[in-house]
Amino acid sequence: MPKSFYIIDGHAHIYRAYFAPFRDLMSPSGEPTKATFVFIQRLLNLIDQRKPDYLAMVIDHGDETVFRKEIFPEYKSNRKSRPDDFFPQEQRILSIVKDLGIPIFVKPGYEADDLIATMATQLCGKDFDVYMVSSDKDLRQVVTDCTKMYDAYTNEVIDPARLEEKYGFTPREAIEIQTLMGDSIDNIPGIPGVGDKTALKLIKQYGSAENVLAHVEELKGKMKENFEKFGDRIPVARQLVTLKTDVEFEFDSENCRFSGLNVEALRKHLAECGFYSLLKRYEGIESAKPTAPARPAIFSESLFGEAERGANGDGEETHPGALTSQDIQYTLVNTPELLESFIKELKNH
């Protein structure tokens, strides 16, 4: 029977937790903790509900070093600066994940999606069911029969059949559609006037972005004009949206074998953050005995130093008057599909 291997898209989930519709929280020592609470609750729920055989997290090293900037210097240049309270929560989360014994992978010059795609490619065919814990559209191109997307907020699994059922295209077509559309969030130039519906229609008809351009005389009006004027964007957009599947970095699947949480380390962080409801859940529970020698999380040297300096608590004891968090379940409704699902669920209650 295949072993389950869950790869968490780290920064995507940290950002999702930071912007989740949840009240602001603060630890007894004054540390902002809303994103930390949302992230850790989702991580613990994933472990409890999905029971992964193997577990790892992948994070971005930094936008300024990514190879895509060599192709297109304006790549992600429209990104806003992080809020002041983001960094301490990011570092706390990285420290918690590391202390729980979950390896963290990062490589200068590449994005988390490139490492995830590389790991999934290596694991496929080796008796693994790979779950990319992310809702990032860029990872749709990586979906195969043995590599699926898993949304920890909605519990939805996206395999090739579900991808086509939900969005109308295959993993191969995902790259073609992104190439035509570009991406305003990442500042990737596409063909003006081509949205998701138009891109899908064109790719279903012509098969590839380049083939649309080859049949530009068959297009009409403004669409034809835009392809003639901006068609030279297609090769650049393709390079930017296509994920690397052959990144060279230190990755041994056995280092990611998950034998259970380091509960002592978890309780320490929960107490420092003032997460009393979560802390109560793990009272009296001992750490699982590892089936292999403990291995450190894998960071780049500079990032490890930042995480180590910025994430450790000051050891102050919690007190009864401190702000507490409630152990609740929630779902971020931020797409038309999720809104429709939410409305259906309300009608059933």
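Note that this is a predicted model, so its numbers are computed, not measured.

Once that is clear, we can look at the overall build of the protein. The secondary structure content of the protein amounts to 15 helices and six strands. Buried positions account for 48% of the 349 residues belonging to the protein. Summed over all atoms, the accessible surface of the protein reaches about 17,200 Å², with 51% contributed by carbon and sulfur.

Moving on: empty space enclosed by the protein. Empty space left among the atoms is revealed by rolling a probe the size of a water molecule over them. A complete count under the given rule lists two cavities of 30 Å³ or more for this structure. Of the pockets and cavities examined, the largest cavity occupies roughly 80 Å³. Lining the largest cavity, in full, are Ile8, His13, Ala17, Phe39, Arg42, Leu43, Leu46, Val133, Ala152 and Tyr153. Those elements giving two or more residues to the lining of the largest cavity turn out to be helix H1 (10-18) and helix H2 (34-50). Counting residues per element, the lining of the largest cavity draws most heavily on H2, at four residues. Looking at the lining of the largest cavity, its residues break down into eight nonpolar, one polar and one charged.

As a further point, take the state of the cysteines. Throughout the structure, instances matching the rule amount to one disulfide. Disulfide pairing is shown between Cys124 and Cys146; the S-S distance is 1.8 Å. Taking the sign of the S-S torsion, 125 degrees for the link of Cys124 and Cys146, the bridge is right-handed. Within this pair, whereas Cys124 is found in the loop between helix H5 (112-123) and strand S4 (128-133), its partner Cys146 is found in the loop between S4 and strand S5 (147-151), the two being separated by 22 residues in sequence. Taking the relative accessible area as the measure of exposure, Cys146 reaches 19% and is therefore buried.

Considering all chains together, one arrives at 16 aromatic pairs under this definition. With a centroid separation of 5.6 Å and 50 degrees between ring planes, the pair formed by Phe67 and Tyr110 is classed as tilted. Here the residue Phe67 occupies a position in the loop between strand S2 (54-58) and helix H3 (68-71), and Tyr110 occupies one in the loop between strand S3 (104-105) and H5, the gap between them amounting to 43 residues. Taken together, the ring pairs connect Phe5, Tyr54, Phe105, Phe128, Phe249 and Phe251 into an aromatic cluster.

Bringing helix H4 (residues 86-99) into the picture now. Taking 1.5 Å of rise per residue, the 14 residues of H4 would be expected to cover 20 Å, and the 20 Å separating its terminal C-alpha atoms lies within 8% of that figure. Most of H4 sits out of view: eleven of its 14 residues are buried. Listed as buried for H4 are Phe86, Gln89, Glu90, Gln91, Arg92, Ile93, Leu94, Ser95, Ile96, Val97 and Lys98. Immediately downstream of H4, the backbone of Gly101 shows phi near 95 degrees, a positive value.

Let's shift gears to unusual backbone geometry. Unusually for a residue other than glycine, Lys76 sits at a positive phi of about 60 degrees. Position of Lys76 among the secondary structure elements: in the loop between H3 and H4. Relative accessible area serves as the criterion here: at 10%, Lys76 is assigned to the buried category. In this structure, Asp127 takes a positive phi of about 65 degrees despite not being glycine. Of note, Asp127 is situated in the loop between H5 and S4.

This brings us to the pattern of salt bridges. Two side chains with opposite charge may pair up if their charged atoms get near one another. One pass over the structure, following the stated rule, counts 24 salt bridges. One salt bridge connects Asp183 with Lys137, and the closest N-O pair in it is separated by 2.7 Å. With Asp183 in the loop between helix H7 (171-181) and helix H8 (196-206) and Lys137 in the loop between S4 and S5, this residue pair connects regions lying 46 residues apart in the sequence. The partner of Glu176 in a salt bridge is Arg238, with the nearest N and O atoms 2.5 Å apart. With a gap of 62 residues between them, Glu176 in helix H7 and Arg238 in helix H11 (residues 233-241) connect regions that are remote in the sequence. The network of salt bridges with shared partners includes Glu31, Arg92, Lys268 and Glu272.

Here we take up the confidence of the model for the protein. When pLDDT is low, close inspection of the predicted coordinates is not appropriate. Of the residues in the protein, 82% have a pLDDT of 70 or more, and the chain-wide mean is 86. Segment residues 299-331: pLDDT under 50, and 68 contacts once partners within four positions in sequence are set aside and those in other chains are kept.

Looking now at the sheet that holds S2. With mixed pairing, the six strands of this open sheet are ordered in space as S3-S2-S1-S4-S5-S6. Each of the sheet's edge strands pairs with one partner strand only, and the pair in question is S3 and strand S6 (156-158). By the bridge criterion, five bridges tie strand S1 (residues 3-9) to S2 in an arrangement that is parallel. Considered in S2, the bridge of Ile7 is made with Ala56. Most of the contacts of H1 go to S1, to which it runs at about 60 degrees, and overall it touches S1, S2, S4 and S5. Its contacts with the sheet place H5 against S1, S2, S3, S4 and S5, and it is angled at close to 170 degrees to S1.

Cut-offs applied
- Residues numbered from 1 in each chain as written.
- Predicted model: local features only at pLDDT ≥ 70, side-chain atom pairs only at ≥ 80, totals over all residues.
- Heavy atoms only, no water.
- Helix = DSSP H or I, 4+ residues; strand = E, 2+ residues; numbered from the N terminus.
- Buried < 20%, exposed > 50% of the residue type's maximum accessible area, 1.4 Å probe, protein only.
- Areas by Shrake-Rupley, 256 points an atom, 1.4 Å probe, with all protein chains shown as cover.
- 1 Å grid on protein atoms, 1.4 Å probe; cavity = no way out; pocket = protein on both sides within 12 Å on 5 of 7 lines; lining within 4 Å.
- Points joined across faces, edges and corners; volume = space filled by probe spheres on them.
- Nonpolar A, V, L, I, M, F, W, Y, C, P; charged D, E, K, R; others polar.
- Disulfide = S-S within 2.5 Å.
- Phe/Tyr/Trp six-rings, centres within 6.5 Å; stacked < 30°, edge-to-face > 60°.
- Expected span 1.5 Å × (residues − 1).
- Salt bridge = Lys/Arg side-chain N within 4 Å of Asp/Glu carboxyl O.
- pLDDT = per-residue confidence, 0-100.
- Contact = heavy atoms within 4.5 Å.
- Pairing = 2+ DSSP bridges.
- Axes fitted to C-alpha atoms, helices over the stretch in contact; angles between N-to-C directions.

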